Amino acid sequence: MTIEVRIPTILRTYTDGERAVEGSGETVAELVESLESSHTGIKERLLEDDGAIRRFVNVYVNDEDVRFTGGLQTALSDGDTVVILPAVAGGSATHPIL
């Protein structure tokens, strides 16, 4: 099963500058593990130590925010597109994805 993952500019250092990479998995959690095996270090930027998606990271499967579709347990199908986006926030808060 192949999933296209679109990578934000700030995380492209983990993907050798690639805007999109391929991953696999039946859930978003499995996809993150697949990404980590090919792009070491990216998981730490996406997930908290407890395994939850970082507060300032948005993950979409086919334009649906995974926070509303099952989080990391959101099911994936062959040909899905996953988009990772850093949340945009105002003020002077530290951005953990950096």
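Please refer to the structure higher up on the page.
Rules of the game
Residues numbered from 1 in each chain as written. Predicted model: local features only at pLDDT ≥ 70, side-chain atom pairs only at ≥ 80, totals over all residues. Heavy atoms only, no water. Helix = DSSP H or I, 4+ residues; strand = E, 2+ residues; numbered from the N terminus. Buried < 20%, exposed > 50% of the residue type's maximum accessible area, 1.4 Å probe, protein only. Contact = heavy atoms within 4.5 Å. Areas by Shrake-Rupley, 256 points an atom, 1.4 Å probe, with all protein chains shown as cover. Core = buried A, V, L, I, M, F, W, Y, C linked by side-chain atoms within 4.5 Å. Pairing = 2+ DSSP bridges. Axes fitted to C-alpha atoms, helices over the stretch in contact; angles between N-to-C directions. Polar contact = N/O pair within 3.5 Å; in protein donor to acceptor, adjacent residues only side chain to side chain.

Participant: Just to check I follow, could you spell out the overall build of the protein for this structure?
Facilitator: Across its full length, the protein carries two helices and five strands. Tracing the protein from N to C terminus, the helices and strands come up as β-β-α-α-β-β-β. When each of the 98 residues of the protein is scored for burial, the buried share is 43%. A separation threshold of at least 6 residues defines the contact pool for the protein, and within that pool the share at least 24 residues apart is 53%. Looking at the protein as shown, the accessible area adds up to about 5700 Å², and 46% of this sits on carbon and sulfur atoms.

Participant: Quick question: what am I supposed to make of the nonpolar core here?
Facilitator: Ranked by size, the top nonpolar core spans 21 residues in total, and within it Val5, Val28, Leu46, Val82 and Ile84 carry the most contacts. For this core, the secondary-structure elements that each account for two or more residues are strand E1 (3–6), helix H1 (28–38), helix H2 (42–46), strand E3 (57–61) and strand E5 (81–86). Take this core: its biggest share by element is four residues, from H1. For isoleucine 84, the residues in contact, after removing those within four places along its chain, are Val5, Arg6, Ile7, Pro8, Leu11, Leu35, Leu46, Val57 and Asn58.

Participant: Is there a simple way to explain the pairing of strand E2 (residues 20–23) in this structure?
Facilitator: It is a general feature of regular strands that their side chains alternate between the two faces of the sheet. Burial along E2 is one-sided: the residues Val21 and Gly23 are buried and none of Ala20 and Glu22 is. The pairing of E1 with E2 spans four bridges and is classified as antiparallel. Bridge pairing in E2 links arginine 6 to alanine 20.

Participant: Would you mind going over the sheet that holds E5 with me for this structure?
Facilitator: By definition, the strands of a sheet pair up through backbone hydrogen bonds, in either a parallel or an antiparallel sense. Ordered in space as E2-E1-E5-E3-E4, the five strands form an open sheet in which the pairing is mixed. Edge positions in the sheet fall to E2 and strand E4 (64–65), since each has one partner strand and no second. With three bridges joining them, E1 and E5 adopt parallel strand pairing. The residue bridging arginine 6 from the neighbouring strand is valine 83, located in E5. Against the sheet, H1 touches E1, E2, E3 and E5, its axis set at about 110° to E2.

Participant: Is there a simple way to explain the side chain of threonine 27 in this structure?
Facilitator: Within the fold, threonine 27 resides in the loop between E2 and H1. Take threonine 27: its relative accessible area is 13%, and that puts it in the buried class. Separated by 3.2 Å, the side chain of threonine 27 and the backbone nitrogen of glutamate 30 make a polar contact. When neighbours within four sequence positions are excluded, threonine 27 is seen to be in contact with Leu72, Gln73, Thr74, Ala75 and Leu76.

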